[in-house]
Amino acid sequence: MEESSAEAPDSSTQDDLPPLAVKDVNVQLERERSEGISSPSRYDDSTLLNPGTHSSILDDNTKSDPGLPEGRSKSSGLCFSDGKSRIDYILVYRKSSSQSEKREVFERNIRAEGLQMEKEASLTNSDVIFLKLHAPWDVLCRYAELMNIRMPFRRKIFYMHRRHKFMSRMEKRINKFRGWLPRKPMKFDNNTLPDLEENESFTAPFSRSRIHHFIIHNKDTFFNNATRSRIVHHILQRVKYEEGKNKMGLNRLLSNNSYEAAFPLHEGSYHSKNPIRTHGAENHRHLLYECWAWWGVWYKYQPLDLIRRYFGEKIGLYFAWLGWYTGMLFPAALVGLLVFLYGLFTLDHCQVSKEICQATDIIMCPICDQYCPYLRLSDSCIYAKVTHLFDNGATVFFAVFMAVWATVFLEFWKRRRAVLAYDWDLIDWEEEEDEIRPQFEAKYSKKERTNPISGKPEPYQAFTDKYSRLVVSASGIFFMILVVIAAVFGIVIYRVITVSTFAAFGWALIRNNSQVATTGTAVCINFCVIMLLNVLYEKVALLLTNLEQPRTESEWENSFTLKMFLFQFVNLNSSTFYIAFFLGRNSLRDTKFTGRPGAYLRLINRWKLEECHPSGCLIDLCMQMGIIMVLKQTWNNFMELGYPLIQNWWTRRRLRREHGEKAKASFPQWERDYNLQPMNAYGLFDEYLEMILQFGFTTIFVAAFPLAPLLALLNNIIEIRLDAYKFVTQWRRPLPSQAKDIGIWYGILEGIGILSVITNAFVIAVTSDFIPRLVYAYKYGPCAGQGRAGEGCMMGYVNASLSVFRVSDFERRSHPKTNGSKLFGEAVKYCRYRDYREPPDSVEPYAYTLQFWHVLAARLAFIIVFEHMVFAIKTLIAYLIPDLPKDLRDRMRREKYLIQEMMYEAELERLQKEKNEKKKKDRAHHKEWP
């Protein structure tokens, strides 16, 4: 395969060949001869629209990508007025701004760095000025070398597989058989995505001294748009705007409103009149929309390489993680659905549900003071059956499965990330040292010390000042957590008051289902409180993070992320924890939190704490999780897409009203992009936070709600396309940036995985009736001492789990206003309640029975055994699954071997070339003499 290459401008640096990266394992090196070397083109400077700005005349070929048809990228607004110089970056400012002197110095220094500029006023507002920037070839080469950007190396790698004739015939027959089978529906073919063909080449950090080794078919397309924008942004961050040691950088000018906006351009429109299958893609943005953001391809795999090429590695890694998480939810959702179906199919055989439904003679004590009536236990038949759907024999297995699933998900993500890091040339990439934040600089500029890495003096924060600020910040976090607890306390009071109100309600439907109505309305109110507090927490997190004065942007981002996650996690899950572990009566928490009939514990000595439904507490937890999860995900999806859609619609409507219906079609690309919404100030923070909170909901209380993974899966399928549509159509193009992993979020995921094991152990042991049933089957039921526990062994369980209470022992303020004669024909003398206590006529009335202590011991033993067993399994799985796949290790080892071969051949080629040139010179020298 022939390759064209180009020589670099002269450079005084003659560094050794840097480490290379190989793109394929099953490859063999094929020697090829260099066909020729072309000299670099020269650029003539010419005057632009504004005085003092210059443009360079580039090569005629200005396609956005060699894989697309020629001329497709020459849409309006992608180049300077000469139609050739590509726009790499846009700065926007207003002429009425008071920071004109800083801008003038900044732009003068930009020109000194070699960037070319062109200014143009907005078509819709003459006060708005667009500053278009273009980086010429020599500037791109110089900074690509400084930034160690990896580019395709000159030599190609070919796959040369040697087989016997018999194996070749067998392979042909297998391929013929595969041709009869249907194609994989979730994959794109190469005709649809020509840009995703694997680049079978080495990559190496760019070097001008060895430019002839790189694959340069066209100088305009050698550096893609994302790389060009990244280089220009790198330059802008290091250009001074004022005399002073640290008066530099575009971010500071954006913060002081010298510039209003800064962004790279989208590559044209995302839609076309012609279908992509017949006419091809207009540009990469159009290709991304058709193959990723369009709802019609929701079942397809994401084109990660194209996402990375257009938006950069950081955004590419987010969508890779989101796709991996969504794919891993399939087995979890399937198993959760099977657990739910198992409960559904075994519903008619559940002995406990049968006994509850047939217990027409068992009278239950009122669940609230005065207004709540006596009830038959059979009235809770429906709730008992619903509880069995979630609390059945498969629940423990599913809890163990989800704990193991969380570990497998994280371990295999490590492997997936390693493969992506290798394929995207991030293995040897090291993040540059962050710049010091201007706020930190302004605060501590008087005291300096030498940076141990750069050797330059920088502002220094004293130890006492740093940790005093951390203490104040931690106190603020603790106070906000107390605010959350106060909000939960308010919801508890609402539930206590409302259950009595609904019990005396005039509408029979509400009156007969007072507890369910109380739970439903409390959950909805709790959701509204959660959303309101989230707005407050964001402001508090910003205040506390700025109070800490982090030194760099990455430190600020990590600190803000931890606070926001902690606030929102506590805010979202506090009510769920209350329902799971504190609500109602249970043999582990009964004395402390609720008491018993005749001796209730009360809030502020006034309100009796709410009790669980006669069928158990799990139904309340299921309702809490289901409603919160559905409402939260629906609200997030609406806000993510609805807000930018409404904002952009309003902007288009204003432009149509002011400039006519067809005005937008004539706008250049920078004008159209400026009218889009900017990416939020926190980058990918909101996207990650939403998914991490969902991961917590999916794992922490999954034993109580096995359908949580299914709801998360359905949401994420929509979420991927919502985010894709938002990035491609509704937002300005974010600056492409690099990253090796998902950062601090991975540690948060591991913490949630550990917490999920503990909470699921307590949910099974404390909230569900799994342990009491097990104790009854083996110790007190018909099968006691036989070593088995089937449905037949549960006969009499309901009666054994209910204690007897004498109505005359009620407190005066708790005594029901009705004596039950209307419902039961005579006044009620005794009622039942869920607990293990002695009857009122015993020697120690209402004392705990021996069964209570057996159940309590079994619960504690289960928690200890479950946690140790699951943690042991998680540790073993994490140990057995290597972080790097074996084939990736082989590829990296082969890379080292091929690097040595290539370096050897490159050196031989260079020596041979020098030898031939020397011979030519000697011949020419000898011809001059007679």
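Refer to the structure presented above.
These numbers come from a predicted model, not from an experiment. (Residues numbered from 1 in each chain as written. Predicted model: local features only at pLDDT ≥ 70, side-chain atom pairs only at ≥ 80, totals over all residues. Heavy atoms only, no water.)

1. Digging into the overall build of the chain
Consideration 1: Helix and strand counts for the chain stand at 29 helices and 21 strands.
Consideration 2: Buried residues in the chain amount to 51% of all 930 residues.
Consideration 3: Counted over contacts in the chain with a minimum sequence separation of 6, partners at least 24 positions apart contribute 78%. (Helix = DSSP H or I, 4+ residues; strand = E, 2+ residues; numbered from the N terminus. Buried < 20%, exposed > 50% of the residue type's maximum accessible area, 1.4 Å probe, protein only. Contact = heavy atoms within 4.5 Å.)

2. Looking at the nonpolar core
Consideration 1: Formed by 155 residues in total, the largest nonpolar core has its most connected members in W292, F311, W321, Y325, W405 and F866.
Consideration 2: Ranked by the residues each element gives to this core, the list is headed by helix 10 (residues 313-345), at 15 residues.
Consideration 3: Those residues in contact with W405 that sit more than four places away from it in its chain are Y325, M328, L329, P331, A332, F695 and T699.
Consideration 4: Core analysis: the next-biggest nonpolar cluster, separate from the first, contains 40 residues, L91, A135, V232 and L250 among them. (Core = buried A, V, L, I, M, F, W, Y, C linked by side-chain atoms within 4.5 Å.)

3. Notes on helix 11 (residues 351-358)
Consideration 1: For helix 11, the set of buried residues is Q351, V352, S353, E355 and I356.
Consideration 2: Residues of helix 11 that are buried sit in contact with helix 12 (381-390), helix 25 (770-780) and helix 26 (797-800).

4. Here we look at the environment of A724
Consideration 1: Its location among the elements puts A724 in helix 23 (residues 708-730).
Consideration 2: Owing to a relative accessible area of 0%, A724 belongs among the buried residues under this scheme.
Consideration 3: Each C-alpha atom of the pair A724 and W295 lies 9.8 Å from the other, and the pair is 429 residues apart in sequence.
Consideration 4: Contact partners of A724, with chain neighbours within four places excluded, come to W292, A293 and F319.

5. Re a negative patch on the surface
Consideration 1: Together, E101, E104, E242 and E243 give the surface a local cluster of negative charge.
Consideration 2: Relative to the assigned elements, E242 resides in the loop between helix 5 (225-236) and helix 6 (250-255).
Consideration 3: The exposure class of E242 is partly exposed, given its relative accessible area of 32%. (Patch = residues over 30% accessible without salt bridge, like charges linked within 9 Å, V, L, I, M, F, W, Y side chains within 5 Å. Areas by Shrake-Rupley, 256 points an atom, 1.4 Å probe, with all protein chains shown as cover. Salt bridge = Lys/Arg side-chain N within 4 Å of Asp/Glu carboxyl O. Lys, Arg positive; Asp, Glu negative; His and termini not counted. Charge placed at Lys NZ, Arg CZ, Asp CG, Glu CD.)

6. Remarks on the packing of helix 25 against helix 28 (residues 850-880)
Consideration 1: Following both chains from N to C, one finds helix 25 and helix 28 inclined at 120°, their axes separated by 9 Å at the closest point. Between helix 25 and helix 28, the crossing angle belongs to the class labelled oblique. Helix-helix and strand crossings are classified by hand; for helix 25 and helix 28 the assignment is right-handed. For the pair formed by helix 25 and helix 28, the contact residues are F770, I771, P772, V775, Y776, K779 and Y780 on the first element and L850, Q851, H854, V855, A858, R859 and F862 on the second.
Consideration 2: Broken down by class, the residue content of the contact of helix 25 with helix 28 amounts to 10 nonpolar, 2 polar and 2 charged. (Axes fitted to C-alpha atoms, helices over the stretch in contact; angles between N-to-C directions. Parallel < 35°, antiparallel > 145°, perpendicular 65-115°, else oblique. Left-handed = near helix turned anticlockwise from the far one by under 90°. Nonpolar A, V, L, I, M, F, W, Y, C, P; charged D, E, K, R; others polar.)

7. Notes on the environment of C622
Consideration 1: Looking at the secondary structure, you find C622 in helix 20 (residues 618-659).
Consideration 2: Exposure remark for C622: the relative accessible area of 7% places this residue in the buried category.
Consideration 3: Between the alpha carbons of C622 and F705 there is a distance of 5.7 Å; along the sequence they are 83 residues apart.
Consideration 4: Those residues in contact with C622 that lie beyond four places of it in its chain are F390, A704 and F705.

8. Looking at the pairing of strand 6 (residues 89-94)
Consideration 1: Most of strand 6 is tucked away, with 5 of its 6 residues classed as buried.
Consideration 2: The pairing of strand 6 with strand 8 (residues 128-134) spans 6 bridges and is antiparallel. Along strand 8, the bridge assignment pairs Y93 with I129. (Pairing = 2+ DSSP bridges.)

9. A short note on the sheet that holds strand 11 (residues 261-263)
Consideration 1: Ordered by their spatial adjacency, 4 strands build an open sheet running 7-8-6-11, and the pairing between neighbours is antiparallel. Only two strands of the sheet have a single partner each, and these edge strands are strand 7 (116-121) and strand 11. Within this sheet the neighbouring strands show an average axis-to-axis angle of 20°, counted without direction.
Consideration 2: Here strand 7 runs beside strand 8; their pairing, made up of 6 bridges, is antiparallel.

Honestly, it's all geometry; don't read function into it.
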